[in-house]
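This is what each chain is made of:
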Amino acid sequence: MSPDSAAISPDSAASAGYTPDGGPEVPLQRSRPFSRANLIQTIAGGYVPLILATLVVVVPLLWMLLSSFKQPGEIVTTDLKILPESLNLDNYRTAMTTVPFGQFFLNSLIVTVVGSTIKVILAILTAYALVFVRFPFKNVIFVLILVALMVPPQVSILPNYILIAGMGGKNTLWGIILPGLGTAFGTFLLRQHFMTLPASILEAAEIDGAGHWRRLWQVVAPVSMPSIATVALVTVVSEWNDYIWPLIITDRPETMTLPVGLTLLQNSEGNGAGWGILMAGAMLVIVPILLVFAALQRYIVAGLTQGSVTG
């Protein structure tokens, strides 16, 4: 046998079941799906963090729901009572009759619809301009938007109050809406999505004679509906739940929104009689927005992941 015939190439050795050095190939050991190591890793790294995160979110809401059916003696007591003795709706009746609940709901609806609509439209227009319109200092403006995204909103409360109060906007709905019309988050998210759109569709629309307005509403907006719906949903939730600014700019019940109006339900007595009523009022506030969020939450996943996978 010649030395050449005795040599084994790596490819032939692999096909014959041998390693390049001539030894037998050792099969790769794979752990079984239901082995003890895999189960421990899955439970410790997946289920335990998921369960803990779910409990952090669900337990306060569940406690609020159960407390809304309890009587004062069941809430303020040394003996912990998780379940109410009966599903009593007196707290809900009291919450809706003690304060002008209908007026609060109408105010919140107006503020949410008008404010969210204007904020989403401004975010779409700004993001389109930052991507598809040529003008000086465009990058500088985008950096300023990012800076606004990082600045806490509490920093601007005092300047906004001085401005709105000086304009006569105290105890008015437009005074609640006006300071929050700009949305740095929505502008940033839509800009990032618009940058992933193929330039060919915009070039084809431009060749057909479409201006910026037609290109925005007939080409860009229809193909960006998941991202726009995400911005709209996040904006609606934040507008509905906003508490600090409406609390500062309003002190009359006829202009209060639902989160602020709930403060009128708190009983001034120290026996805790108002906690059940306050819990019932809080449930009436969060149920509508929870239903909207549950119905449209799929748009958040679609909008935030749109354009993230390429290839």
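That block above? That's the structure.
Residues numbered from 1 in each chain as written. Predicted model: local features only at pLDDT ≥ 70, side-chain atom pairs only at ≥ 80, totals over all residues. Heavy atoms only, no water.

Asker: For this particular structure, what's the right way to read the overall build of the protein chain?
Answerer: Helices and strands together make up the secondary structure of the protein chain, namely 16 helices and 0 strands. Out of the 311 residues belonging to the protein chain, those deemed buried represent 31%. Long-range contacts, defined as pairs at least 24 residues apart, comprise 68% of the intrachain contacts of the protein chain with a sequence gap of at least 6. Summed over all atoms, the accessible surface of the protein chain reaches about 19300 Å², with 68% contributed by carbon and sulfur. (Helix = DSSP H or I, 4+ residues; strand = E, 2+ residues; numbered from the N terminus. Buried < 20%, exposed > 50% of the residue type's maximum accessible area, 1.4 Å probe, protein only. Contact = heavy atoms within 4.5 Å. Areas by Shrake-Rupley, 256 points an atom, 1.4 Å probe, with all protein chains shown as cover.)

Asker: Whenever I open this one, the environment of Ile82 confuses me. Can you help?
Answerer: Tracing the sequence through the fold places Ile82 in the loop between helix 4 (72-75) and helix 5 (90-98). Residue Ile82 is classed as partly exposed on the basis of its relative accessible area of 49%. Separated by 16 residues in sequence, Ile82 and Leu66 have C-alpha atoms that sit 7.4 Å apart. The residues contacting Ile82, other than those within four sequence positions of it, are Trp63, Leu66 and Lys70.

Asker: So what exactly am I meant to see when it comes to the packing of helix 11 (residues 199-207) against helix 12 (residues 212-223) here?
Answerer: Two numbers describe a pair of packed helices, the interaxial angle and the distance between the axes. Interhelical geometry of helix 11 versus helix 12 gives an angle of 140° and a closest axis separation of 11 Å. As summarised for this structure, helix 11 and helix 12 are arranged oblique, according to the angle between their axes. Every pair of crossing elements has a handedness; the one defined by helix 11 and helix 12 is right-handed. Where helix 11 approaches helix 12, its residues Ile201, Leu202, Ala205 and Glu206 are matched on the opposing element by Arg215, Val219 and Val220. In the contact of helix 11 with helix 12, the residues fall into 5 nonpolar, no polar and 2 charged. (Axes fitted to C-alpha atoms, helices over the stretch in contact; angles between N-to-C directions. Parallel < 35°, antiparallel > 145°, perpendicular 65-115°, else oblique. Left-handed = near helix turned anticlockwise from the far one by under 90°. Nonpolar A, V, L, I, M, F, W, Y, C, P; charged D, E, K, R; others polar.)

Asker: In this structure, what is going on with the side chain of Thr112? I would like to understand it.
Answerer: As for its placement among the helices and strands, Thr112 is situated in helix 6 (residues 101-132). On the basis of relative accessibility, which here comes to 6%, the residue Thr112 falls in the buried class. Setting aside residues no more than four positions away along its own chain, Thr112 makes contact with Thr117, Val236, Glu239 and Trp240.

Asker: Which parts of the structure should I look at to understand a nonpolar patch on the surface?
Answerer: On the surface, Phe105, Leu106, Leu109, Ile110, Val113, Val114, Ile118, Ile121, Leu122, Leu125, Trp213 and Trp217 cluster together into a nonpolar patch covering about 970 Å² of accessible area. If you list the elements that add at least two residues to the nonpolar patch, you get helix 6 and helix 12. Take the nonpolar patch: its biggest share by element is 10 residues, from helix 6. Take Leu125: it is sitting in helix 6. With a relative accessible area of 30%, Leu125 lands in the partly exposed category. (Patch = residues over 30% accessible without salt bridge, like charges linked within 9 Å, V, L, I, M, F, W, Y side chains within 5 Å. Salt bridge = Lys/Arg side-chain N within 4 Å of Asp/Glu carboxyl O.)

Asker: Quick question: what am I supposed to make of the packing of helix 7 (residues 138-150) against helix 10 (residues 184-194) here?
Answerer: At a minimum axis distance of 9 Å, the contact between helix 7 and helix 10 shows a crossing angle of 130°. Taken together, the axes of helix 7 and helix 10 are oblique relative to one another. In this structure, helix 7 meets helix 10 at a crossing whose hand is left-handed. Taking contact as the criterion, the partners of Phe142, Ile145, Leu146, Ala148 and Leu149 in helix 7 are, on helix 10, Ala184, Phe185, Thr187, Phe188, Arg191 and Gln192. Its residues assigned to classes, the contact of helix 7 with helix 10 shows 8 nonpolar, 2 polar and 1 charged.

Asker: Teacher, can you tell me more about the pattern of salt bridges here?
Answerer: Two side chains carrying opposite charge are able to pair once their charged atoms lie near each other. Considering all chains together, one arrives at 4 salt bridges under this definition. Two residues, Asp90 and Arg93, come together in a salt bridge whose shortest N-O distance is 2.7 Å. Taken together, the residues Asp90 and Arg93, both in helix 5 and 3 residues apart, mark about one turn of the helix. For Lys170, the salt bridge goes to Asp251, with nearest N and O atoms at 3.9 Å. Here the residue Lys170 occupies a position in the loop between helix 8 (157-166) and helix 9 (173-177), and Asp251 occupies one in the loop between helix 14 (244-249) and helix 15 (258-261), the gap between them amounting to 81 residues.

Asker: What am I meant to see in the packing of aromatic side chains here?
Answerer: For any pair of aromatic rings, the description rests on two quantities: the centre-to-centre distance and the angle between the ring planes. By the definition in use, this model includes 6 aromatic pairs. Relative to Trp240, the ring of Phe105 lies with its centre 5.7 Å away and its plane at 75°, an arrangement referred to as edge-to-face. Here Phe105 is found in helix 6, whereas its partner Trp240 is found in helix 13 (residues 225-241), with 135 residues between them in sequence. When the ring of Phe132 is compared with that of Phe194, the centres are 6.3 Å apart and the planes differ by 40°; the resulting orientation is tilted. Of the two residues, Phe132 is situated in helix 6 and Phe194 in helix 10; the sequence distance between them amounts to 62 residues. An aromatic cluster is defined as three or more aromatic residues linked by ring pairs; in this entry it consists of Tyr128, Phe132 and Phe194. A cation sits over an aromatic face here: Lys70 above Trp63, 4.2 Å from the ring centre. Directly above the aromatic system of Phe142 lies the positively charged group of Arg191, at a separation of 3.7 Å from the ring centroid. (Phe/Tyr/Trp six-rings, centres within 6.5 Å; stacked < 30°, edge-to-face > 60°. Lys NZ or Arg CZ within 6 Å of the ring centre and 35° of its normal.)

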